[in-house]
Each structure stands twice: as C-alpha cells, then as structure tokens.
Amino acid sequence: MLPVVRTILHIRFLCAIVIICSAVLLVSYKGNAQSFGDPIVKITFGSGSSQYAGPLKPDSGYTDYFYVNKSPEDNDYTIANSTIGMNTAWVQTRDHTGDTNGMMMIVNASYQPGLFYTRTVTGLCGGTEFQFSAWIKNILRRTNGILPNVTFTIEDLSGNFLGGGNTNNVFATDTWEQYRFAFKTPANVQTVVLKMINNAPGGGGNDLAIDDIEFRPYGAVITVALDRADAIFCEGVQERVTMRATTPIPSGYAVKFQRLTPNGWVDLRPADTNTSIAIAVPAAPGVYNYRMVTADAGNIDSPPCVVSSNYLALTVGPLPKAVIDMPNEICMEPTVFNESSTAQVAAISSYLWTFGDGTESTERTPTHAYTSAGIKTVTLTVTNRVGCQSVVATKNINVIRPVNTDFRYSIPACETQVITFTDISTSIEGNIVSRVWDFGDGSQTVSKTDATPFVHTFVAARTYNVTLTTTTDKGCMRTRTYPVRINALPAVNFILPEVCYADYFAQFKDSSFVGGSNSGLIYKWNFEDSDASVADNTSNLQNPQHHFSRTALYTIKLTVQTADGCEFFKEKQLQVNGFPIPKFEVPGKDAICANQPGLFINKATASAGNVTKLEWFFDADRNTTMPDITDDEPRPDKVYSFKFPAVMYPRASATYKVRMVAYTGAAGDCQAISEQVVTILASPILQFTPPAIICLNNGIIKLHEHFKETTGIPGTVQFSGPGVKGNIFDPKAAGIGPVIIKCTYTSSSGTACVDEIIDTILVKPIPTNVDAGATIYILAGVKTSLNAIATGTNLKYLWTPSTGLSDATIPNPTVAALENTTTYTLKVTTEDGSPGDACSVEDNVTVVVLKVPGIPNTFTPNGDGINDTWEIKNLQAYEGAAITVFNRYGQRVYSSISYNKPWDGRMNGDYLPVGVYYYIIDPKHGRAQVSGYVTIIR
C-alpha cells in the first residue's frame, strides 16, 4: 500500500480565498515534480446557508452509518457547513476552504472498526495514472481521546486492489490535513471503487470531518512558455506570439494546444507531436488563457485522460485614455496642469504636454506660467508601460489678462505716526474683489473689498516691504511690493537752566538727536512768557537764551523737525526761583565721636521755587573756597555725612565750624550762607587679629589675647558671635564654616565713644569616626593587618611608627611578624588647601605579640620574697586566658581568667601543703591548650 502524502492547512488561515489554497496545492505538486489534468471527480458535499444539507447524495458516495440532522452520535454522520452547536467536546470548524456555506461530512465513528464510506468512480481512462486526495480533520477538542485512523483503497469492480494509503493517527490539532496518493488503472479499467476504512474504535474520540474528495489525471511535469516576457498587448495591434513546451514529452505521447472559451477549452489544432504553436494575438480587449495537454497517443482526445501544462494568459488591453483635467480659464501665473487619464491594463509610464505657446513638458502634473494672455491650445498624450499610446487629448484654455496692481502712500513717512495708503490698481478682465495688504512689520494683514484710502502706523524706523495682493472675481491674483522707508522721529530733549529772578538770562541747552546726530535738525522754542514780546517769546536757535522778569513757573516747549520732515516736541516746567533761605540741622552736634561720620540735614528753602545747589564747608575757619561737598540736586531733609579727622587720646575733643552756602541762581542775590560749630570727641582705634583658620578640634581661643585698643583710651571690650562666651571662642560650639566675631569697645574717658571691629574665623571640618581598631592579638611569628576607619573627604593616613607595616599611608596596611608588642598611632588628616590648613585626628591600636608561655614546674611560697609566686612568663599578655590547678585528688584548688596576678599557692586564703599539683592552661588567641604539673616546695 502506498503512503499517503499529507498537506497541512491551519484553521487560522481558512479565511484565505480559494486562489490562495490552489497556490498551496500547486506548490505541493511542483514539489512532487508532477502535472495534473482537470478533476474528473470532486466531491464537495455541496453548499448551502442552512447548517444541515441532508444525507449523502448519490454522486457523493455511500455509507452504512446513519444520517442525522444534528450532532452525530457513535455510528452516525451528518452533512453540515459547521460544527457550531454540536458536541461540546468538538472544535468549532467549517469546511477546509473556510467557506461559510461549504458543506463537509462529519462522522462519529462506530464502536467497531470497519468500512464506513464507499464511492464508485466512473469515466476514468484505462492505463492512466491518477491522484486521489481528500481533506480530513480530527474535530475532537481534547488531545487524549481516541485518534482517527483511516485507510483509503482503490479497487476495480472485481475487487482487485489498485492503490491506497493510510492516514496514520490524525492528531487533535484543530487543523485540516490533505491526504493523497497515486494509482494507475489497468488498460481496460474505466471504473474504480473508493473505500474508506475506519481503523480505530468508537467511544471517547475518533470523530472526524471529511471534505473535497478528488480524482484527477496525474503525470510527468509539462510546462509551456511564450517567446516574450511580457504578455500584455495593445488593443487593435496585429501581433503573433509563439507558445512552446519547455519540458520534454514522454515517448508515445501526443500534445494539443487549447484556448479557454466560455464553453470550456477549445483545441487550436488537432493532436500531434509538435510542441510549439504560433498564436495570433486577439484584437479585442480581454484576457485569453492558453495551455497544452498531453497523453498517450491513444487517449489524447479523451479529456479525462490528459494532463495539463501551466496556463499562459495573453492580456489585450484597451488603449490608455488621456484626459486634461483643467478649467476653461486660468490666470497668467504659475499653474499646475492636472490630468485624470485612465491606464486601462498597464500603468501609464510617460506623459507629453504641449501648452500652445511653443513649450512642452513630460511631467505628469507640470507647473507652467504663460507670458501672454489669450486662447491657448493644450494637448496631452499618455503612453503605458507596454508602449500603448493614447489618442491625443486637446483643450482650448483662455489665459486671463493680469491685474495692474499698484498703490501709493503719503509722506512724510515717520515712525509712530499714521501713513495713508491708497490702492490705484486696475483690471481689464474681471472685477477686483479682494485687496490684501501686508505691511512687512509683523502686524496682521489687512483685507479690503474696495480702494478706499486707509491709514497704518509703523512703530519703528526702517525700510519695510509693503505688499498689496489683489484678487479678481475670476480667481486671478497679482501682487505689488514697494520698499517703504519709515523715517525716525527726533528724540527731543533739552536741559533746563537753574535761574532765579535776579539772573540776567536763562541759558537753554538742546540735547535732541536723530540717528545719533543733531545734524540737519530745525528748532522751534516757545518760552510761554506772558511778559515778553511775541518776537522774544520764541527762538529758532539750538541753544537760546531768555530773560524772565519775575518769579513764576513757566512751560517751556521745544519742537524739532528732521531733514525728512518728521517732527516731534517736548515740554518741561521751568521754575524761576526767589532768594535762598539757608538752614541745616546737626544731630548730637556737641558730641560727635571721631570714628563716626557727622550727619547734616538740609533744611534750606527758597522764597519762591527751589534751592538749586548746596555747597558744604566742614572746616570753615580754614577753608571757604573749596567746598567739601557740592550738590546740584539738593532736596529737603537730604542727609549729608562727613568724617572729621581723628582726635587722639589723651586729647578729649576738637571743634569745627560748618558752613552751608545755598543757591537759587547765578546772581549774587541768589545765594546765602548758614554756619554752626560742632564738637568732635576722641574715639578708640581697635586691632583684632584672631587666627584666620582653625580646626574643629583645636580647642578654645582666648579672644582678648588677639585684641588691642591702639590709642590707650580706657574702656571695656565685649566679644559676640557664634561660639563666643565672654572672652572665649569655642569652635565646636560655633560649628563648621566661616564664623563672624565682633569686638565692641566702649571708652570710659567721659566721651562714651564706641568702636567696633569684626573678623572672620574659618572653622574647618575634621575627620570623623576615626577608629584605629580594637587591640589585636597575634601569636609570635604570625602576620596580621590593621583595619582603620574614618569618615570625611580627601583624607590622608599616616601610621607611626612604620615598623613592620607594608604601607604607612593607607588605612589597612599589612603588619609583618613582630617580635614585641607594638602600639601604632594613626593620624588622619583632611587634605584641603595648603598643608598648614589641614585638620587631623589621632587614634591608637596595640598589636599584642603573644609569646610562648614559660611555665615553671616549682615555686616556694614561704614568704621569703624569693620565688613566692608561680610566675608564668608571657601569660599575662593572653587576655582571657583560662588557668585551672587541681590537687592529686582532682579537686580544683585555683582558677583564673587572665593571669594578671600570679598564684601564691593559696586556696581560699590558706597555704596549700607541699606536693605536686596538676594544671590545665588554655591561652586562647589561637594557641593550643597545655597541661602539666607544678610542685610547691617550702
């Protein structure tokens, strides 16, 4: 029996269309190096929208199972388009193509294995090879049920076996599987019987679905090809192509070439052995399929006996259609030319435009701008990728005359001042319906529907590109751009004179400019003086003078015009003052300490207007020509300060005459003097030089040892600041960081003058948590290591002495074998700044070298001061060592933890008798326990 070839189609791909499934089959057949004929028998079990289709039809086969129109039980079957609503132990599935209406045979196998399906197949050809195939699916949901196992057999009507195969176990994978095998009919056999035998018992499983049982001729692979790669042709083109076999034809076989028509395949010529044919390409559009069939010469004219080559399709396509998709009118501006041509069969590969002005383009949607108006004849020709060229499309398009867009603006054009814009555009074709103004200054565009003039203001002086865009009712747009120069306004300003009623004239000084210069400016002054004539009340000078005859408040106006015609003005109030009334106050004038400035408060006024200037002389007895302070902007109650020369102790004080000169103008009547005498007291002079930097652990500082009053004036000093208590500064109390210390010295010489001086002490951090470690015990001749810890940044370590250390500058050096107990000192220093600024902390650790205890075997505790105690050499170094002594009866007479005091031979205060005693000594620290005897002798 031949093995069954199986193709698996997963259920999740059942939604694929039949063409995809066919592709899978073809791949399978190509893999088997075979060709097929048209199906002779194809049992699909029908189709329908109702779930159940009724029992097997005569042409679908025979079964001795019972038909039910519900979920089948054992020994039952049904024909249905899905298993939905059937046995809940089954998967939900449709036929193997995924067709919602496609039927399938669903079988719940009998308890007894055996024949369950028979179908007599007629119309076969004798002596011909065929392929049988069927789709089967295990529909059980669980995987531990009885697995279907089906045997297929093909027999002749006499029961002779012609071929067959076995599915083996069909696993519950929710997957359709195709099973197929080949067989050959004897020369005189045209009818065979298909049998399906169930090899597994019924019960918990053995439930299956069957679909698409098919018989078709089966033979060696034959393929055909055309003599050209592209099988696409243009409508109406007279061409011939040659189709020929590309694989050999078996000996004794004949071939026929066929074309597919609505009524089936039609022979192009009678059967022969010629494996090529010339085909005239049809003129009408369409798809024409061709093939070659082959069979032995005796069966070549019997359709059920032939096998087919691959199909070749000749596609005759209609010519592409060129369509110009443009309006009847366009504007004389760059325009995109669109098309809506149809490609028909092959994609359009090239375009040819002519624009009626002697230019052309091969772009699909070119942009073209006409240089003249009028009717233009535009053509478009398209060609597809197989060379089919369209009929030329033609369209007449009117190119509209453009608008003459133009505008004017008013002058002078100055910043921050309104400018009038006027549209003077004209249009020959169409009416202007929109005017959009862009002033190039970042402001919003302005839209207008008419040409009425309007104004715009530019905020800054420079050249702006102003653009007017007009649009007509035909949609044509035109723009005009002019550079509009906006000129700067003058920055108008002037300096008012200080003038009083007695001054001969007031001098005005202009400080106006434009663009950083005053060149070309035109001036117009107005003094608003009602006592002056019309001619004297104005001036065109840059820096004019004017005489005011009385005390009053005047409004002075200066108007300045630039060479570009831009004009601006400024007004200021001028007070013509009366005579001055000088006056000032001196707080504590009779007791001003020399180390503090004297304060002088302005109380000067004017009979009218304001005081315009003050001069101060603080030693008027010696100086009245060079003022110590000149103030051109005095104001009432303004405070002036002056520090007088020091009065050195033992001199108690000194006096000075202070003079104020007040001005309201330049004339002599416009100034006056006021004087007062002040007393300056002797004051202390201090020095304070504490250390600039100390460490947190440096200890207290006696501040008075760093302080000195340099003049000898008696008094008391007081210190204040963080960490200060009395005369003592404690850095730990102050904390880390800069600490400001203030010294306040109060003289007791009768002046009670006070002086203060401050300085800063930087308290630097120290390493913290410095720990050299606990005492280390080592046996003689054994190495160890030191393990120090410390917290801080940029720490530096130093061990002393360095004897036996691998590196004295690291926190964890190795210690070589020592001969004697050694104490190491660790110094941890912060590496911050210069070496003198570093702060350090120290700690010690002792490495105890434990030597072998020297245990004597006798001692004489008789009180003579010689050998009175049991002196065990080196044992006192073993901290925690355990010593126990027993008498000969095993009684413990002495015990000790650590041997700091030698045993004197007593027990409970009484001397033990002479004799031999036995000891056990556990030194610990890694040394082995020892035992022996010791004799007490007297």
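Quick caveat: nothing in here was measured; it's all calculated off a predicted structure. (Residues numbered from 1 in each chain as written. Predicted model: local features only at pLDDT ≥ 70, side-chain atom pairs only at ≥ 80, totals over all residues. Heavy atoms only, no water.)

Let's talk about the pattern of salt bridges
Our working rule: Salt bridge, as used here: a side-chain nitrogen of Lys or Arg that lies within 4 Å of a carboxyl oxygen of Asp or Glu. Between buried and exposed lies partly exposed: a residue is buried under 20% and exposed over 50% of the maximum accessible area for its type, with that area taken using a 1.4 Å probe on protein chains only.
Here the structure, examined in full by the defined rule, presents 26 salt bridges. A salt bridge links aspartate 406 to arginine 408, with the shortest nitrogen-to-oxygen separation between them at 3.1 Å. For arginine 408, a relative accessible area of 46% corresponds to the partly exposed category. Aspartate 922 serves as the salt-bridge partner of lysine 924, at 3.4 Å between the closest nitrogen and oxygen. Taken together, the salt bridges that share partners define one network made up of Asp621, Lys657, Arg659 and Glu675.

A few points about the state of the cysteines
The following threshold applies: In this description, a disulfide is simply a cysteine sulfur pair whose atoms lie within 2.5 Å. Here a helix means four or more residues in a row that DSSP labels H or I, a strand means two or more in a row labelled E, and each is numbered from the N terminus.
Counted by the stated rule, this structure contains 7 disulfides. Here cysteine 234 connects covalently by a disulfide to cysteine 388, the sulfurs 1.5 Å from one another. Disulfide cysteine 234-cysteine 388: torsion about the S-S bond near -100°, hence left-handed. In this pair, cysteine 234 sits in strand S15 (residues 232-234) while cysteine 388 sits in the loop between strand S28 (374-384) and strand S29 (393-400), placing the two residues 154 residues apart along the sequence. Given the relative accessible area of 9%, cysteine 234 is considered buried. Judged by relative accessible area, cysteine 388 falls into the buried class, the value being 2%. One disulfide in the model links cysteine 331 with cysteine 476; its S-S distance is 1.9 Å.

Focus on the packing of aromatic side chains
Stated formally: For this analysis, a ring pair means two rings from Phe, Tyr or Trp (six-membered ring only for Trp) whose centres lie within 6.5 Å, classed as stacked if their planes differ by under 30 degrees, edge-to-face if by over 60, and tilted for the remaining angles.
Scanning all chains against the criterion turns up 52 aromatic pairs. Aromatic pair tryptophan 437 and phenylalanine 454: ring centres 5.2 Å apart, planes at 75°, arrangement edge-to-face. Here tryptophan 437, found in strand S32 (residues 432-438), pairs with phenylalanine 454, found in strand S34 (residues 454-457); they are 17 residues apart in sequence, far enough to count as distant. Neither residue differs from the other here; tryptophan 437 and phenylalanine 454 are each classed as buried.

Description of unusual backbone geometry
Here the bond from isoleucine 411 into proline 412 is cis, since omega is 0°, no more than 30 degrees from zero. Here proline 412 shows up in the loop between strand S30 (407-409) and strand S31 (418-423). The amide bond that connects threonine 800 to the next residue, proline 801, takes the cis arrangement and shows omega of -10°. The backbone of asparagine 206 shows a phi angle near 55°, a positive value even though the residue is not glycine. With respect to the helices, strands and loops of the structure, asparagine 206 is situated in the loop between strand S12 (192-198) and strand S13 (207-220). For asparagine 206, a relative accessible area of 0% puts it in the buried group. Even without glycine at this site, asparagine 908 takes up a positive phi of about 55°. Counting through the fold element by element, asparagine 908 comes out in the loop between strand S76 (906-907) and strand S77 (910-911).

Remarks on the sheet that holds strand S54 (residues 653-663)
Using the following cut-off: Any two strands with at least two DSSP bridges between them are considered paired.
Read from one edge of the open sheet, 5 strands run S48-S55-S54-S51-S52, paired in mixed fashion. The open sheet is flanked by strand S48 (592-593) and strand S52 (629-631), the only strands paired with a single partner.

Observations regarding the sheet that holds strand S49 (residues 598-602)
The antiparallel open sheet is built from 3 strands, whose spatial order is S47-S49-S53. In this open sheet, the two strands that pair with only one neighbour each are strand S47 (584-585) and strand S53 (639-642). Where S47 lies against S49, 2 bridges are found, and the strand directions are antiparallel. When the bridges of S49 are listed, phenylalanine 584 appears paired with asparagine 602.

What to know about the UniProt feature "domain: PKD" (unreviewed entry) in the chain
Filter applied, for reference: UniProt positions are given in the numbering used here, feature names are shortened, and annotations may be inferred rather than shown by experiment.
Sequence positions flagged by UniProt for "domain: PKD" (unreviewed entry) are, in local numbering, residues 350-387, 419-486 and 516-565. Split by type, residues 419-486 is 0% helix and 56% strand. Its first and last C-alpha atoms lie 10 Å apart. The annotated region residues 516-565 carries 0% helix and 38% strand content, and the separation between its end C-alpha atoms amounts to 17 Å.

Some thoughts on a nonpolar patch on the surface
Stated formally: Every patch collects residues that have over 30% relative accessible area and no salt bridge, joining them within 9 Å if they carry like charges and within 5 Å if they are nonpolar side chains (Val, Leu, Ile, Met, Phe, Trp, Tyr). Residue-level accessible areas treat just the shown protein chains as cover; the underlying method is Shrake-Rupley with a 1.4 Å probe.
On the surface, a nonpolar cluster with roughly 260 Å² of combined accessible area is contributed by Tyr501, Phe579 and Ile581. Secondary-structure assignment places isoleucine 581 in strand S46 (residues 580-581). According to the relative accessible area criterion, isoleucine 581 is partly exposed, its value standing at 39%.

What about the side chain of asparagine 299?
Counted only if it meets this: In what follows, a contact means two residues having at least one pair of non-hydrogen atoms within 4.5 Å.
Inspection of the secondary structure puts asparagine 299 in the loop between strand S20 (286-296) and strand S21 (307-308). Take asparagine 299: its relative accessible area is 17%, and that puts it in the buried class. In contact with asparagine 299, not counting residues within four places along its chain, are Cys125, Gly126, Thr128, Cys305 and Val306.

With respect to the environment of aspartate 38
Among the structural elements, aspartate 38 can be located in the loop between strand S2 (34-36) and strand S3 (41-43). The exposure class assigned to aspartate 38 is partly exposed, which follows from its relative accessible area of 33%. Distance from aspartate 38 to proline 303, taken between C-alpha atoms, is 8.0 Å for residues 265 residues apart in sequence. Setting aside anything within four residues of it in sequence, one finds aspartate 38 in contact with Arg216, Pro217, Trp265, Arg291 and Tyr311.

Considering the pairing of strand S36 (residues 477-485)
Where strand S35 (residues 463-472) and S36 come together, 9 bridges link them in antiparallel fashion. Across the sheet, the residue bridging to valine 466 is tyrosine 482, located in S36. Linking S35 to S36, which pair antiparallel, is a turn of 4 residues; within it glycine 475 sits at a positive phi near 85°.

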